[in-house]
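Per-entry structural report
Okay, here's what each chain looks like letter by letter:
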Amino acid sequence: MDQLLEGFRIALDMIISGDPVVFSIAFRTLMISVTATVIAALIFIPVGCLIHFNRFRGKRFLVSIIQTLFSVPTVLVGMLVFLLISRAGPLGSLGMLFSPGAIVLGEVLLIAPIIAGLTISALSGMGRDISDTALSLGAGQLQMILKVLSESRYMVLTAVLMGFGRAVSEIGVAIIVGGNISGYTRTLTTAIALGVGKGETAASIALGMILLALAMIVSVTVNTLQHSEKR
Amino acid sequence: MIRYIFSGILIFALLSTACGGQSEPSAEPAMEQTTEIAEDAGNESVPPRASASRLRVATTTSLYDTGLWSYLEPMFEEEYGVELDVLYAGTGKALEWGRRGDVDVITVHSRSREEQFVQEGYGLERVTFAYNYFLIVGSPDDPAGLEGMTPEDAFTTLMQNGEEIFVSRGDDSGTHGKEKAIWTVAGYDYEDVRTSGDWYVEGGSGMGPTLVMADEMSAYTLSDMGTFIAYRSDLDLEPVVDQGDILLNVYSVLEVTSSRNPEMAANLREFLTSETVQELIGNYGVDEYGIQLFTPCAGLDM
Amino acid sequence: MILALENISQRKNGQQILSDVNLSVSRGEFFVLMGPTGCGKTTLLRIAGLLDKPFSGRVKYQSEPIPHRGKERLQARRRMVTVFQRPVLFRGSVFSNVEWGLRIRGIPEDEINRKVSQVLEMVDLVEYGDRDSCTLSGGELQRVALARALVIEPSILILDEPTTSLDPNLRFNLLRRLKDLHSQTGITFTMATHDFTDALSLGTAGAVMRNGRIEQMGTIDEIFYRPSTPFMASFVGMKNVFPAEFNADGAIVEELIIRHTSNKRGHGFLAIPPEAIVVSREATVTSERNHFTGIITSVERTGSIFSISVDCGNLLIISSVTRSALSDLDLTEGQDVYISFKASAVHVF
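Report on the accompanying structure.

1. Notes on the interface of chain C and chain A
Contacts between chain C and chain A engage 23 residues on the former and 20 residues on the latter. Together chain C and chain A conceal approximately 1900 Å² of surface at their shared face, both sides included; 54% is due to carbon and sulfur atoms. Counting the surface chain C buries against chain A, the share from its top three residues, Phe90(C), Arg91(C) and Trp100(C), is 39%. One can count 2 salt bridges joining chain C with chain A. Residue Arg128(A) pairs with Asp52(C) through a salt bridge whose shortest N-O separation is 3.6 Å. Secondary structure elements with two or more residues in the side of chain C that touches chain A: helix 2 (71-77), strand 6 (80-83), helix 3 (94-103) and helix 5 (138-150) of chain C. Looking at which element gives the most residues to the side of chain C that touches chain A, the answer is strand 6 of chain C, with 3 residues. Taken together, the residues that form the side of chain C that touches chain A break down as 13 nonpolar, 2 polar and 8 charged.

Next comes the structure, spelled out in structure tokens:
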């Protein structure tokens, strides 16, 4: 218990004094997760729109597959990306393994189903009223889709935030394809895993508090957005 | 049309992140090494490099957990102007990375597997650079009474008692390989041991975490000397068996044949076996722990 | 013909919703599409408004067939606009709702401002420009939806049961407003309704649907006063509708011969409007050509009018009389009476 309290005390000191190591890891984690989230959003919000606004065979099946993949184990994605970008793999020539880019790629794949799936839910939640109204007022397909997206923007933003929350707190991808290289691919989660194994309680607690704070910011924002959605 | 935009975004994303080898302060979450890290953080001004000027070394966890690599890394980087990425893993995984061409250099400790690796053409040459010994460690009261036994007898006793817990690395590492070798010499089939009961625990982690686990469970485990000494102050574990030829633990460096940066890989081998660094390895940790963690042995056949 | 639907069929989930519908709307008309709930009005309007594609058949705008996809379809769609049964407004202000249709057409800013103010004035919402769309009442919402549609100056305005969600007072106001807007703008209105009063007070032409088919199409007078089928006759509230055999003497209905002014022969139907039937206690000599005797079987009050059922042999004929006529004649159940009506009052179809 004393060790734990002492750990908390040192951890708080580290955060308050702006410990360069702790903050460089936090900053790196943020950069990687934000990059992954932005890329995933740029690709998979449109993908969600394409799926929602098109009628095709097996659409329902596809949507349920996407929803199943919401909780795909992170290590599975890590393994997949490892096999893909390892030198011996099909994308090996890119030399991406054990780099921040590799983590970004893995996290993009990891949160793609969340962003696409929740975008589809957000758009479905709008019903056909908005799209019909937009079309009848003379909108082209793209104008209509943009209008429905804009009408469901809080829910879509929630999808993006949920994706970010998962990206920032995952460890499977970061450890397998990032390699937890000090000063290069070490993220909050991999640093905590290593730190706990080494008995470095205080640093791990400090990193954990930052991670928790990030998760809480995401969750509070999501709640606020959903509240304003209901109006 | 939209499809082309998507693939454009994807390619842009891959390119921008693949080249994003931004140099950030080396970040080691080690509370007792804060000063060391602060110096390390001073390297921040190193300009961003393309991945070609990075060198990847896969190291066994024992060399990582002792902090030896964190100690040597900045020296090498400064001397050769390269970003050194140190990846820690068990010997098995490190060699597998080498086979796949994902790392340039490997530092591990399992002679037979290293020789096989070289023989198969994955590595250039096995060059030894340091050694120490493995230890069987356990709680100070030594409930199984292993003190003074040979490693083989100690294992036999544990197997026959089937009561005192033994934590195995269980991760295909060099230490794990050594443990299996001891079981074989003691006359057991490792599969039988592994499945013989609850007393035999497979941790599946690196050396440091395995020691922490053994400490929590008041169990015995096999550890390399370096990691044990580096962790000793936080543990309530003592060496119970430290004599026996079989406990010899030799670390060697292997350049990976398929490395895309073979010159720099050779530089790292030369660096580790150079007189200056050999001396540094020999002295590493002496001030802090009062005992030598590694004995330099550059190029010796052992 | 500004809009024509030709041989339109529609299926949804394996069910036939529309079968071989033909419909045409002339420029400047106020066309009402009538029919009971679930007869396919909304489905038809969605096809007319180019929101859905029919299973088969085609839509013509100004005699030009509209393709199922592409620029031409969008251009045609931009000439018409639909106001839905329960309109939804976009997030944001009333102004931003009304201007949207102009924005997506790339209309210049100053023109947008001018047109929006103009149309807000038309629907009496001048002060409402800055109001948040989610703070509006039902009637206001309806008017914003109307303004949003009118601002793009469509050739055709399609209204799907605009009055159903409104209370009687608002409904009356909206109907009057629609009538004014129609005469002011010259836009062709096409409105679905299941309410006769809407149709009668607004419509210039219309059609009645039944089970996914057009039962009758024509002017409002034709539909209400000259129904062409027994369904239509009962749909527009006609009583005394009988199947009849027509020959040179007149129409034979259950052994009675009813005289009429049509020259129809063979099998058909006739209808006698209840208000055209005179009931009396004594046989009177009148110019009416149809005279029958019968027994009153029931006297029912329907509003301010009384409905009297008279059994004339095998035929039950319903007549409507005023309260004063009822008490003057002292009509009660079981009484023998004479009924008479003009041959010209008999509607033959």
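Further notes follow.
2. Here we look at the pairing of strand 6 of chain C
Residue and element names in this part refer to chain C. The alternating pattern of strand 6 places Met-80 and Thr-82 and Val-81 and Val-83 on opposite faces, both of which are buried. In this structure, strand 6 lies alongside strand 7 (residues 156-160), joined through 4 bridges in parallel fashion. Within strand 7, the position partnered with Thr-82 by the bridge is Ile-158.

3. Quick word on the packing of aromatic side chains
Counted by the stated rule, this structure contains 23 aromatic pairs over all chains. Between Trp199(B) and Tyr200(B) the ring centres are 5.6 Å apart and the planes differ by 75 degrees, which places this aromatic pair in the edge-to-face class. Looking at Trp199(B), the relative accessible area reads 5%, which means it is buried. You can call Tyr200(B) buried: its relative accessible area is 6%. Between Phe292(C) and Phe341(C) the ring centres are 6.0 Å apart and the planes differ by 35 degrees, which places this aromatic pair in the tilted class. Separated by 49 residues along the polypeptide, Phe292(C) in strand 16 (residues 290-302) and Phe341(C) in strand 19 (residues 336-341) bring together distant segments of the chain. The pair Phe292(C) / Phe341(C) is uniform in exposure class, with both members buried. Three or more aromatic residues joined by ring pairs make a cluster, and in this case those are Phe155(B), Phe166(B), Trp183(B), Tyr188(B), Tyr190(B), Trp199(B) and Tyr200(B). Its guanidinium or amino end placed over the ring of Tyr184(A), Arg54(B) lies 3.1 Å from that ring's centre, counting from NZ or CZ.

So, how was this worked out
- Residues numbered from 1 in each chain as written.
- Chains lettered and ligands numbered in written order.
- Predicted model: local features only at pLDDT ≥ 70, side-chain atom pairs only at ≥ 80, totals over all residues.
- Heavy atoms only, no water.
- Contact = heavy atoms within 4.5 Å.
- Buried area = accessible area lost by both parts, 1.4 Å probe.
- Salt bridge = Lys/Arg side-chain N within 4 Å of Asp/Glu carboxyl O.
- Helix = DSSP H or I, 4+ residues; strand = E, 2+ residues; numbered from the N terminus.
- Nonpolar A, V, L, I, M, F, W, Y, C, P; charged D, E, K, R; others polar.
- Buried < 20%, exposed > 50% of the residue type's maximum accessible area, 1.4 Å probe, protein only.
- Pairing = 2+ DSSP bridges.
- Phe/Tyr/Trp six-rings, centres within 6.5 Å; stacked < 30°, edge-to-face > 60°.
- Lys NZ or Arg CZ within 6 Å of the ring centre and 35° of its normal.

Spatial relationships are all this shows, so hold off on functional conclusions.
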